[in-house]
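Reading the structure
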Amino acid sequence: ASPCRHPGAGGRRMTGLDDARLLHQPLLAAVRRWPDKTALVCGPRHATYAQLLREVEAVAAALRERGLQPGDRVALLLDNGVEMVAALYAVLSLGAVMVPLHPLTKAPKLARLLDDAGAAMLLTQSSLQPAWRETLAGCACVHSCLVAGHDGPGDEPRVLPWPAATPGGPALDGGSAAEDALAALIYTSGTTGSPKGVMLSHRNMLSAAHSVQAYLGLREDDVILSALPLAFSYGLYQVLIGLAVGATVVLERSFSFPARVLQTMATHRATVFPGVPTMFAQWMGMSGLQHHALDALRLVTSAAAPLPLAQIRWLRATFPQARLYS
């Protein structure tokens, strides 16, 4: 992540995306450049770039110890948070394939997705136990399950506690996987049929990230507030691009409490908000938006569904200083 300007891009500042071959490499570049800067905010928890890397290294070491091989599929059933971000980068750094799943996935659907992906491992959390414990009982393909918040040995030998990050753990290297190697299986929502696993290589995803960054122009001084699930690409790319450019990413678990999201935006002086029309519709129905200090917002993006003209007009009137990307 060189601070120099790209000579052929009209003075555009280079980011870790410019010369990366693999998806975790921009994070390593960001850690070298901004080790003590806040990378993630998840509720009361803050993690600097250096602290996040230690979390990634701890998870990667645990996966390696459990025999994870390049190309193995690893399902990630986790809320938006430090563990989810550490898990996806750990999987990528080992040349394995991340399979992010929505944390509200119920046991029957979870079983189908794990079987369809051929998942060798499952990374999850104790609060989601009703779904994953029932699923594990009938799932032979998963040989290991790391659980955040797991408090000790149980009756299932495959279930293991989440690894603790410690200074001086095994360092990640840049990785030797081919850029056309499979990086992710991202399942569609299944609204028109059974969910389908979309196969994406490192090159696919880096190309998409680079393209989006080319028009959004995210910066190292940005604060990106995202309440989008990391199980889908729109939410996932907020992390992949945000951390590549040295921004701070503030993750909300969901948009269930829209007023709280507004307060979080004001508290952290968010400059970027990615949303969907259903989110903006909820804000339009609220009163008292003027009581939140949202003047730092400079970019609003909308995806997943067409943005109605009424919402476009409302967003432009409510956030006149922000540029809107639909």
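Everything numeric in this text was worked out from a predicted model, so none of it was measured.

1. Overview of the packing of helix 1 (residues 25–33) against helix 2 (residues 49–65)
Where helix 1 meets helix 2, the axes come as close as 9 Å, and the angle between the chain directions of the two elements is 140°. With respect to helix 2, the element helix 1 is oriented oblique. When you trace helix 1 past helix 2, the crossing you get is left-handed. Where helix 1 approaches helix 2, its residues L27, L28, A30 and V31 are matched on the opposing element by Y49, A50, L52, L53 and V56. Residues belonging to the contact of helix 1 with helix 2 are distributed by class as follows: 9 nonpolar, no polar and no charged.

2. Details of unusual backbone geometry
One non-glycine residue, R269, lies in positive phi territory at about 55°. Here R269 shows up in the loop between helix 8 (258–267) and strand 12 (272–275). Residue R269 is classed as partly exposed on the basis of its relative accessible area of 38%. Of note, the phi angle at A304 is positive, near 80°, even though the residue is not glycine. The topology assignment puts A304 in the loop between strand 13 (299–302) and helix 10 (309–318). For A304, a relative accessible area of 75% translates into the label exposed.

3. Regarding the nonpolar core
Among the nonpolar cores identified, the biggest contains 68 residues, and L63, L123, M205 and L243 are the most heavily contacted of them. A total of 10 residues in this core trace back to one element, the largest contributor, which is helix 3 (residues 82–93). Counting residues in hydrophobic clusters, the runner-up holds 29 residues, among them V250, V276, L307 and F319.

4. Quick notes on the confidence of the model for the protein
Summarising the model, the protein shows a mean pLDDT of 90, and 94% of its residues fall at 70 or more. Segment residues 1–11: pLDDT under 50, and 17 contacts once partners within four positions in sequence are set aside and those in other chains are kept.

5. Focus: the layout of surface pockets
Of the volumes computed, that of the largest pocket is approximately 470 Å³. Lining the largest pocket are 25 residues, with H102, A227, L228, P229 and F232 positioned closest to its centre. Within the residue set of the lining of the largest pocket, elements represented by two or more residues are helix 7 (233–244) and helix 9 (277–284). With 3 residues, helix 7 is the largest single contributor of residues to the lining of the largest pocket. A breakdown of the residues in the lining of the largest pocket according to their chemical character gives 16 nonpolar, 7 polar and 2 charged.

6. Remarks on the side chain of T48
For T48, the position within the fold is in strand 2 (residues 45–48). Setting aside its immediate chain neighbours within four residues, T48 contacts P35, D36, K37, T38 and A39.

7. Describing helix 5 (residues 129–137)
Along helix 5, the positions that sit buried rather than exposed are A131, W132, T135 and L136. Taken around the axis of helix 5, the buried residues stretch over an arc of 115°, which confines them to a single face. When the buried face of helix 5 is taken as reference, the exposed residues oriented beyond 90 degrees from it are P130, E134 and A137. Check the buried side of helix 5 and you find it contacts strand 3 (73–77), helix 4 (107–117), strand 5 (119–125), strand 6 (144–148) and strand 7 (159–161).

8. Here we look at the packing of aromatic side chains
Inspection of the entire model under this criterion finds 8 aromatic pairs. Relative to F280, the ring of F273 has its centre 6.2 Å away and its plane inclined at 65°; by these criteria the two rings are edge-to-face. F280 sits in the buried class, given a relative accessible area of 0%. Each residue in the set F255, F273, F280, W283, W314 and F319 is aromatic and connected to the rest through ring pairs, giving one cluster. The lysine or arginine in question, K37, covers the ring of W34, its NZ or CZ lying 6.0 Å from the ring centre.

9. Side note on the pattern of salt bridges
Applying the stated rule across the entire model yields 11 salt bridges. Linking R253 and D79 is a salt bridge whose minimum nitrogen-to-oxygen distance equals 3.5 Å. Placement of R253 in the loop between strand 11 (248–251) and helix 8 and of D79 in the loop between strand 3 and helix 3 is noted, with a sequence separation of 174 residues between them. Residue R253 is classed as exposed on the basis of its relative accessible area of 61%. A salt bridge links D295 to R269, with the nearest nitrogen and oxygen atoms 2.9 Å apart. Taken together, the positions of D295 in the loop between helix 9 and strand 13 and R269 in the loop between helix 8 and strand 12 put the pair 26 residues apart, joining distant regions of the chain. Shared partners join several salt bridges into a network, and the residues in it are R45, E55 and E83.

Conventions used here
- Residues numbered from 1 in each chain as written.
- Predicted model: local features only at pLDDT ≥ 70, side-chain atom pairs only at ≥ 80, totals over all residues.
- Heavy atoms only, no water.
- Axes fitted to C-alpha atoms, helices over the stretch in contact; angles between N-to-C directions.
- Helix = DSSP H or I, 4+ residues; strand = E, 2+ residues; numbered from the N terminus.
- Parallel < 35°, antiparallel > 145°, perpendicular 65-115°, else oblique.
- Left-handed = near helix turned anticlockwise from the far one by under 90°.
- Contact = heavy atoms within 4.5 Å.
- Nonpolar A, V, L, I, M, F, W, Y, C, P; charged D, E, K, R; others polar.
- Buried < 20%, exposed > 50% of the residue type's maximum accessible area, 1.4 Å probe, protein only.
- Core = buried A, V, L, I, M, F, W, Y, C linked by side-chain atoms within 4.5 Å.
- pLDDT = per-residue confidence, 0-100.
- 1 Å grid on protein atoms, 1.4 Å probe; cavity = no way out; pocket = protein on both sides within 12 Å on 5 of 7 lines; lining within 4 Å.
- Points joined across faces, edges and corners; volume = space filled by probe spheres on them.
- Arc of directions from axis to C-beta.
- Phe/Tyr/Trp six-rings, centres within 6.5 Å; stacked < 30°, edge-to-face > 60°.
- Lys NZ or Arg CZ within 6 Å of the ring centre and 35° of its normal.
- Salt bridge = Lys/Arg side-chain N within 4 Å of Asp/Glu carboxyl O.

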